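Now for the letters of each chain:
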Amino acid sequence: MHEGSGAWQLVVSGDPALYAIVRLSLAVSLSAVALAALVGLPLGGALALARFPGRGVLIVIINAFMGLPPVVVGLAVYLLLSRSGPLGDYGLLFTPTAMVIAQAILITPIIAALTRQTVEDLWLEYRDEMNAMGVTPFARLATLLYDARIALVTAMLAGFGRAAAEVGAVMIVGGNIDGFTRTMTTAIALETSKGDLPLAMGLGLVLLAIVLAVNASAWGLRVFAERRIG
Amino acid sequence: MRAPAPDLPLMFENVSLRAGDTLLLRDIDLIIRPGAPTLLVGPNGAGKSTLLRLAMGLVAPTLGAVTWGGSPDPAPRRRAMLFQRPVMLRRSAGANLIYALKHAGVARDVWPARVRDLLERVGLEHVAQRPARKLLGGEQQRLALARALARDPEILLLDEPTANLDPAATRAVEEIVLNAAASGVKILMASHDLGQVRRLAGEVCFLVAGRLHEKAAAEVFFQHPQSPLTQAFLRGDLVMET
Ligand SMILES: Nc1ncnc2c1ncn2[C@@H]1O[C@H](COP(=O)(O)OP(=O)(O)O)[C@@H](O)[C@H]1O
Ligand SMILES: [Mg+2]
């Protein structure tokens, strides 16, 4: 009970330490979504339209990677970025950049797989009309991505939700350094083990609110689209 | 500007189309030239939609050849198609037209004027900003017509464009089609409504079980049908294999 009111106090009083952590978490996860979208949207779209040997295997792999365990991604990125790793010279390990990379890898398959499915369905629906309008193969993808925009934003929200809530990858490649790479999830893990329950619970409340807001946005978007786009 | 290459005459030379084990169309010889509307009639499953898809270049024949203005290149130049169930893009009515104009190669600076003109031709000026997929069935059909006309077609293919419309909406669509025909657009249209065929046709192609059974001027087709099968069809009998 005492911890609970302490947590609430931290949240409503705008505790600077708490909100610094929240800001970093949002910055990292939003950057990761942007990066993942940059790769995942064209990749998923191309996969929906192109036909080549091995396409089925690639689709299965990407679908399977939607459920990548964050700690495994963290470990892989750790090995890449550590001093002796292939990208060790850039000195990125234990920086926010490393956390962005790890989360982007984690959610690129989510965005790519959902994009692939959405664009493929839409292409079936649009194919005859687009061919009859003389749309060139190159222009197809742009049209399909645009007309699938609502579903694609929803996919990005799903990716953001997963990034913001994961702890394994950012813990391993970020190192949970106070004031530098400490995110909501890593802070919760640490503060809980240290016994500082008010901070952990306060961050938990904020994280929960963010996840709720993300899902509410996805819902609102769908309602809006149903009414305004059809 | 657009390529000068014409899409007419549209020519089917000994065309057959096979899907799996079934011949959807067999030995079709047909030349479509500029002139009064050609209506494609026949029972359900006769192959009317399939023939139109070949005419649009959406599928290639298994045997024989389809050519447009003498060329076998299926890329549409000045032809357009209205599908039985048109798909509206997820944008406004006006944006649907702009999309068609853009991909027909129309210069950007004339888009606004062309959109206004097209919307006026189909009586949809008031819905330009509305999401296309939120329009009523008849409005969507007229918008799809405008979108086809945006290609400034020499030949317009229509697949039972009024099958799901009430009489008022049907009349609106028929008027637009007749206006297009009057302005020189060749119409090739499938219909199973003989009343509609009487109202629109200059020429009738009667398709049965994938075969072009009879092709005649509309008057001849209705007044002096040549074969017993055509006579049976006009009486309203169910006609099947020849
Ligand atoms: N892709 C396809 N594969 C197999 N059969 C088809 C295919 N498309 C159409 N058919 C069949 O071909 C026949 C002709 O169809 P269709 O051209 O739609 O006739 P209509 O438009 O005159 O009703 C029908 O029996 C239909 O079931
Ligand atoms: Mg049909």
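These remarks concern the structure in this document.

Reading guide: rules and limits
Residues numbered from 1 in each chain as written. Chains lettered and ligands numbered in written order. Predicted model: local features only at pLDDT ≥ 70, side-chain atom pairs only at ≥ 80, totals over all residues. Heavy atoms only, no water. Contact = heavy atoms within 4.5 Å. Buried area = accessible area lost by both parts, 1.4 Å probe. Salt bridge = Lys/Arg side-chain N within 4 Å of Asp/Glu carboxyl O. Polar contact = N/O pair within 3.5 Å; in protein donor to acceptor, adjacent residues only side chain to side chain. Helix = DSSP H or I, 4+ residues; strand = E, 2+ residues; numbered from the N terminus. Nonpolar A, V, L, I, M, F, W, Y, C, P; charged D, E, K, R; others polar. Core = buried A, V, L, I, M, F, W, Y, C linked by side-chain atoms within 4.5 Å. Buried < 20%, exposed > 50% of the residue type's maximum accessible area, 1.4 Å probe, protein only. Near = heavy atom within 4 Å. Areas by Shrake-Rupley, 256 points an atom, 1.4 Å probe, with all protein chains shown as cover. Axes fitted to C-alpha atoms, helices over the stretch in contact; angles between N-to-C directions. Parallel < 35°, antiparallel > 145°, perpendicular 65-115°, else oblique. Left-handed = near helix turned anticlockwise from the far one by under 90°. Bend = angle between axes of the 7 residues up to and from the residue. Pairing = 2+ DSSP bridges. Phe/Tyr/Trp six-rings, centres within 6.5 Å; stacked < 30°, edge-to-face > 60°. Lys NZ or Arg CZ within 6 Å of the ring centre and 35° of its normal.

It is worth spelling out the interface of chain A and chain B at this point. Listed by partner, the interface residues are 21 residues for chain A and 21 residues for chain B. With both chains or domains summed, chain A and chain B bury close to 1900 Å², and 54% of this area falls on carbon and sulfur atoms. Three residues, Glu-129, Ala-132 and Met-133 of chain A, lead the burial of chain A against chain B; their summed loss comes to 32% of the area buried on that side. Two residues, Lys-134 of chain B and Glu-226 of chain A, come together in a salt bridge whose shortest N-O distance is 3.6 Å. At the boundary of chain A with chain B, the tally comes to 13 residue pairs in polar contact (both at pLDDT 80 or more). Counting only elements with at least two residues in the side of chain A that touches chain B, the list comes to α5 (96–132), α6 (137–147) and α10 (197–228) of chain A. Tallied by class, the residues present in the side of chain A that touches chain B amount to 9 nonpolar, 4 polar and 8 charged.

Counting residues in each nonpolar core, the largest one holds 109 residues, and the members touching the most others are Leu-143 and Leu-156 of chain B. Looking at which element gives the most residues to this core, the answer is α5 of chain A, with 14 residues. With 28 residues, the next largest nonpolar core counts Ala-132 of chain A together with Leu-25, Ile-32 and Leu-51 of chain B among its residues.

Residue and element names in this part refer to chain B. In the neighbourhood of ligand 1, the contacting residues comprise Ala-19, Leu-24, Pro-43, Asn-44, Gly-45, Ala-46, Gly-47, Lys-48, Ser-49 and Thr-50. Gly-47 places a main-chain nitrogen or oxygen 3.0 Å from an oxygen atom of ligand 1. Here an oxygen atom of ligand 1 and a backbone polar atom of Lys-48 are 2.8 Å apart. Computed on the free molecule, ligand 1 has an accessible area of 560 Å², of which 52% lies beneath the protein chains in the complex. When residues in the shell around ligand 1 are grouped by element, the largest group, 3 residues, is from helix α1 (residues 48–56). The residue makeup of the shell around ligand 1, split by class, is 4 nonpolar, 5 polar and 1 charged.

A few words now on the packing of helix α3 (residues 55–65) of chain A against α5 of chain A. All names here are of chain A. Relative orientation of the contacting elements α3 and α5 amounts to 125 degrees, with a least axis distance of 8 Å. Compared by their axis directions, α3 and α5 come out oblique. Crossing hand, α3 versus α5: left-handed. Residue-level contacts link Arg-55, Ile-59, Ile-62, Asn-63 and Phe-65 of α3 to Leu-106, Pro-109, Ala-112, Ala-113, Arg-116 and Glu-120 of α5. A per-class count over the contact of α3 with α5 returns 7 nonpolar, 1 polar and 3 charged.

Turning to the side chain of Arg-90 of chain B, a few remarks are in order. Its place among the elements puts Arg-90 of chain B in the loop between β5 (79–82) and α2 (93–103). A relative accessible area of 15% places Arg-90 of chain B in the buried class. Of the polar contacts made by the side chain of Arg-90 of chain B, one reaches the side chain of Tyr-126 of chain A; its length is 2.9 Å.

The largest bend along α5 of chain A reaches roughly 55 degrees and is located at Tyr-126 of chain A. Residue Gly-134 of chain A follows α5 of chain A closely and has a positive phi angle near 70 degrees.

Next up on the list: the environment of Ala-113 of chain A. Residues and elements named next belong to chain A. Along the polypeptide, Ala-113 turns up in helix α5. When the C-alpha positions of Ala-113 and Ala-163 are compared, they lie 16 Å apart, and in sequence the two are 50 residues distant. The residues touching Ala-113, leaving out its near neighbours within four places in the chain, are Ile-62, Asn-63 and Met-66.

Turning next to the sheet that holds strand β7 (residues 186–190) of chain B. Residues and elements named next belong to chain B. With mixed pairing, 6 strands are arranged side by side in an open sheet as β5-β6-β7-β3-β8-β9. Among the strands making up the open sheet, the edge pair consists of β5 and β9 (211–217). For this sheet, the mean inter-axis angle between neighbouring strands, taken without regard to orientation, is 15 degrees. Examined bridge by bridge, strand β6 (residues 155–159) and β7 share 5 bridges and lie parallel to one another. Along β7, the bridge assignment pairs Leu-157 with Leu-188.

All names here are of chain B. Two elements in contact, helix α3 (residues 111–121) and helix α4 (residues 137–149), have axes separated by 9 Å at closest approach and are oriented at 135 degrees. When the axes of α3 and α4 are compared, the pair comes out oblique. At the point where α3 passes α4, the crossing takes the right-handed sense. Only Leu-143, Ala-146 and Leu-149 of α4 make contact with α3, whose side of the interface consists of Arg-114, Leu-118, Leu-119 and Arg-121. Residue classes in the contact of α3 with α4 are distributed as 5 nonpolar, no polar and 2 charged.

What follows concerns the packing of aromatic side chains. All names here are of chain B. Scanning all chains against the criterion turns up 4 aromatic pairs over all chains. Relative to Phe-221, the ring of Phe-206 has its centre 6.0 Å away and its plane inclined at 65 degrees; by these criteria the two rings are edge-to-face. With Phe-206 in strand β8 (residues 203–208) and Phe-221 in helix α7 (residues 218–223), this residue pair connects regions lying 15 residues apart in the sequence. Accessibility expressed as a relative area gives 0% for Phe-206, which makes it buried. Both rings, one in Phe-221 and one in Phe-222, keep their centres 5.4 Å apart while their planes meet at 85 degrees; by these two values the pair is edge-to-face. The class of Phe-222 is buried, set by a relative accessible area of 12%. A connected cluster of aromatic rings, assembled from ring pairs, spans Phe-206, Phe-221, Phe-222 and Phe-233. Here Arg-79 stacks its cationic end above the ring of Trp-68, 4.1 Å away from the centre of that ring.

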